[in-house]
Amino acid sequence: MSHIALITLVVADYDEALAFYTDKLGFGLVEDTDRGDGSRWVVVRPPGAGEGAAALLLARAAGDAQRASVGAQTGGRVGFFLHTRDFAGDHARMRAAGVRFLEEPRHEPYGSVAVFEDLYGNRWDLLQPA
């Protein structure tokens, strides 16, 4: 059976993106390998996600077209969904770490949710499914 292993997220800088995802969101560093040409293979995975779960490849923008996509990879829509088992705890921890939420938490029939932005403006849902 097939599964999605990595999703590329174009970033402006490896180190600032890595700091945001590990320090503010609590993601774990899976790999950070120098590729020898000035680029790196940087992979992070959400907390609690097991081996083989989908992860993010943080890819530094190369060229004008890629730089223009940083923070706008989904055209301003929520494009990433971070599921949690402890919405209130994760929301409080992320706010304390300086994550910018665009709304107060909502409790919908499908679960508890709040939209936040990463350091470049990509929109995410923090979501605890019902």
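Refer to the structure above for everything that follows.
Not measured: the values here are computed from a predicted model.

What follows covers the layout of surface pockets. It is a probe the size of a water molecule, rolled over the atoms, that shows where empty space is left. In this model, the largest pocket occupies a volume close to 570 Å³. Taken together, 25 residues line the largest pocket, and the ones lying closest to its centre are Pro46, Pro47, Ala49, Leu82 and His83. Counting only elements with at least two residues in the lining of the largest pocket, the list comes to strand E4 (55-60), strand E5 (78-83), helix H3 (87-96) and strand E9 (123-129). Per element, the largest residue contribution to the lining of the largest pocket is five residues, and it comes from E5. Grouping the constituent residues of the lining of the largest pocket by class yields 17 nonpolar, four polar and four charged. There are two domains that each give the lining of the largest pocket at least three residues, and those are domain 1 (1-70) and domain 2 (73-129).

Relative to the helices and strands, Glu117 is located in strand E8 (residues 111-117). For Glu117, a relative accessible area of 17% puts it in the buried group. Residues Glu117 and Val44 lie 73 residues apart in sequence; the distance between their C-alpha atoms is 17 Å. If near-sequence neighbours (up to four positions away) are discounted, Glu117 is found in contact with Phe20, Val99, Arg100, Leu102, Asn122 and Arg123.

Following the sequence through the fold, Arg40 ends up in strand E3 (residues 40-45). A polar side-chain atom of Arg40 sits 3.0 Å from a polar atom in the side chain of Asp15.

What follows covers the packing of aromatic side chains. Summed over the entire model, instances satisfying the criterion amount to seven aromatic pairs. Judged by centre distance (6.3 Å) and plane angle (80°), the rings of Phe27 and Trp124 are edge-to-face. Residue Phe27 is located in the loop between helix H1 (14-24) and strand E2 (28-34), and its partner Trp124 is located in strand E9; the two are separated by 97 residues in the primary sequence. Using a relative accessible area of 4% as the deciding quantity, one classes Phe27 as buried. Through successive ring pairs, a cluster of aromatic residues spans Phe20, Tyr21, Phe27, Phe80, Phe101, Phe116 and Trp124.

Glancing now at the sheet that holds E3. Spatially, E1-E4-E3-E2 is the arrangement adopted by the four strands of the open sheet, whose pairing is mixed. On the outer flanks of this sheet lie strand E1 (6-11) and E2, each paired with one strand and no other. Ignoring which end each strand starts from, the neighbouring axes of this sheet average 25° apart. Bridging between E3 and E4 involves three bridges; their strand directions are antiparallel. Paired with Val42 across the strands is Leu58, a residue of E4. Those strands touched by H1 are E1, E2, E3 and E4, and its axis lies near 10° from that of E3.

The rules behind the values
Residues numbered from 1 in each chain as written. Predicted model: local features only at pLDDT ≥ 70, side-chain atom pairs only at ≥ 80, totals over all residues. Heavy atoms only, no water. 1 Å grid on protein atoms, 1.4 Å probe; cavity = no way out; pocket = protein on both sides within 12 Å on 5 of 7 lines; lining within 4 Å. Points joined across faces, edges and corners; volume = space filled by probe spheres on them. Helix = DSSP H or I, 4+ residues; strand = E, 2+ residues; numbered from the N terminus. Nonpolar A, V, L, I, M, F, W, Y, C, P; charged D, E, K, R; others polar. Domains from an automatic or database assignment. Buried < 20%, exposed > 50% of the residue type's maximum accessible area, 1.4 Å probe, protein only. Contact = heavy atoms within 4.5 Å. Polar contact = N/O pair within 3.5 Å; in protein donor to acceptor, adjacent residues only side chain to side chain. Phe/Tyr/Trp six-rings, centres within 6.5 Å; stacked < 30°, edge-to-face > 60°. Pairing = 2+ DSSP bridges. Axes fitted to C-alpha atoms, helices over the stretch in contact; angles between N-to-C directions.

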